[in-house]
Number of protein chains: 2
Amino acid sequence: MIEKKVIGAWTEELASKAPVPGGGGASALGGAMGAALGQMVANLTIGKKRYKDVEEEIQLRLSGLEKLQKEFLVLADKDAEVFAPLSKAYGLPADTREQKEEKERIMEERLLAASLVPLEVMEKAMEVLDILEYLAEKGSRMAISDVGVGVQFARAALTGAVMNVYINTKSMKNRERAEELNAKANGLIEAGTRQADEIYEKVQRGLVS
Amino acid sequence: MIEKKVIGAWTEELASKAPVPGGGGASALGGAMGAALGQMVANLTIGKKRYKDVEEEIQLRLSGLEKLQKEFLVLADKDAEVFAPLSKAYGLPADTREQKEEKERIMEERLLAASLVPLEVMEKAMEVLDILEYLAEKGSRMAISDVGVGVQFARAALTGAVMNVYINTKSMKNRERAEELNAKANGLIEAGTRQADEIYEKVQRGLVS
């Protein structure tokens, strides 16, 4: 479980040639960091007189981010879990027609599973961006820079995770499904990077003016 | 030391209202993750027949990334270390002219220290990008997606760290120095995000074609 790993040991594992953790796990952790930075901003807003009017709304967002942060860490583990069966499937025999068909069926199944995890990371990164957009508007001015950093980590989760969608759809024989998954991922990337860049620029303007 | 922290505990600390870790520490960790992903790609390239011609060059880059990864973790700690003295300086008395002058002098000194740490994170993120650019070209094709994810984390380190440059230069009385630091940071952001986006698009094209 990534949650229990020591940071220095985890980055060393990431750096090693071991297949996991890799880009997928890193992207999920990036999502958790983006959510956590949003939580920090919410926590710095709650209880302050100046933000009393939005306190209830902020509390709702905080609960959402707490849940998302945990879900990202679970997804980092899931990303590692779907890798081994896929890697194993690549090694299945394909000498006879039956073996070949069986291998193909199993491969497709596991490629799909390995695509759905990063897609879920992407969808959750979009949820984080929505909440950060609210916090950029209504959260404590004292913590606005942390909204900006959070946005960048949610963005990295999104643009990082999509790489693992592409790798897995690339090997799929069912091209219709592959293209559907890619189209969904590309839609999230387009909307998410635009939204992230808009929030970030707004935060930046607030800081340098 | 961030290196010794457990991931789940660290993200909880990041989420709390405690001032550190905050966006600065997260950005530095993002840099370490970007470097680690580059190391993974280098490690997956070294020892492969197909990449024998570039092995020595890749080994050099790997050593560079190993050093950078460690430096980012040290910078995450440094980011926390410069915060307390700055926070303390805000509370110094300013009742007499002497006190006011003394407070201003100390504030300036500590604001500068707190700006230089994220600037260093930015500079090191640029170094990671240069190495990732090389790996995108010459590294193992099997690991190309991890170059893409690494680029996104180096980018987040850069665009995240700059927020802490802006916050600290904003409060500086020496506007000439503040503008100099901002100009330096903005130059890095402009060149770095362009470079990151170029490498990423190249990797993406290779994956979806």
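Everything numeric in this text was worked out from a predicted model, so none of it was measured.

Draft legend 1. Main features of the packing of aromatic side chains. Inspection of every chain in the model, using the stated rule, returns one aromatic pair over all chains. With a centroid separation of 6.2 Å and 55° between ring planes, the pair formed by Phe153 of chain A and Phe153 of chain B is classed as tilted. Of this pair, Phe153 of chain A sits in helix 5 (residues 144–170) while Phe153 of chain B sits in helix 5 (residues 144–170), placing the two residues on different chains. Accessibility classification places Phe153 of chain A together with Phe153 of chain B in one group, the buried group. Here Arg61 of chain A stacks its cationic end above the ring of Tyr134 of chain A, 3.8 Å away from the centre of that ring.

Draft legend 2. The arrangement of the nonpolar core in detail. In terms of nonpolar packing, the biggest core is built from 148 residues, with Met122 of chain A together with Met122 of chain B touching the most fellow members. The element that contributes the greatest number of residues to this core is helix 4 (residues 97–138) of chain B, accounting for 18 residues. Filtering out sequence-adjacent residues up to four positions away, Met122 of chain A remains in contact with Leu158, Ala161, Val162, Val165, Ala185, Leu188 and Ile189 of chain A.

Draft legend 3. Representation of the pattern of salt bridges within the structure. Residue and element names in this part refer to chain B. Tallied over the entire structure, the rule returns 24 salt bridges over all chains. Across the salt bridge formed by Glu109 and Arg105, the nearest N and O atoms sit 3.2 Å from each other. Taken together, the positions of Glu109 and Arg105, both in helix 4 and four residues apart, correspond to about one turn of that helix. Judged by relative accessible area, which is 45%, Arg105 ranks as partly exposed. The shortest N-O distance in the salt bridge between Asp197 and Arg155 comes to 2.9 Å. Here Asp197 is found in helix 6 (residues 175–208), whereas its partner Arg155 is found in helix 5, with 42 residues between them in sequence.

Calculation criteria
Residues numbered from 1 in each chain as written. Chains lettered and ligands numbered in written order. Predicted model: local features only at pLDDT ≥ 70, side-chain atom pairs only at ≥ 80, totals over all residues. Heavy atoms only, no water. Phe/Tyr/Trp six-rings, centres within 6.5 Å; stacked < 30°, edge-to-face > 60°. Helix = DSSP H or I, 4+ residues; strand = E, 2+ residues; numbered from the N terminus. Buried < 20%, exposed > 50% of the residue type's maximum accessible area, 1.4 Å probe, protein only. Lys NZ or Arg CZ within 6 Å of the ring centre and 35° of its normal. Core = buried A, V, L, I, M, F, W, Y, C linked by side-chain atoms within 4.5 Å. Contact = heavy atoms within 4.5 Å. Salt bridge = Lys/Arg side-chain N within 4 Å of Asp/Glu carboxyl O.

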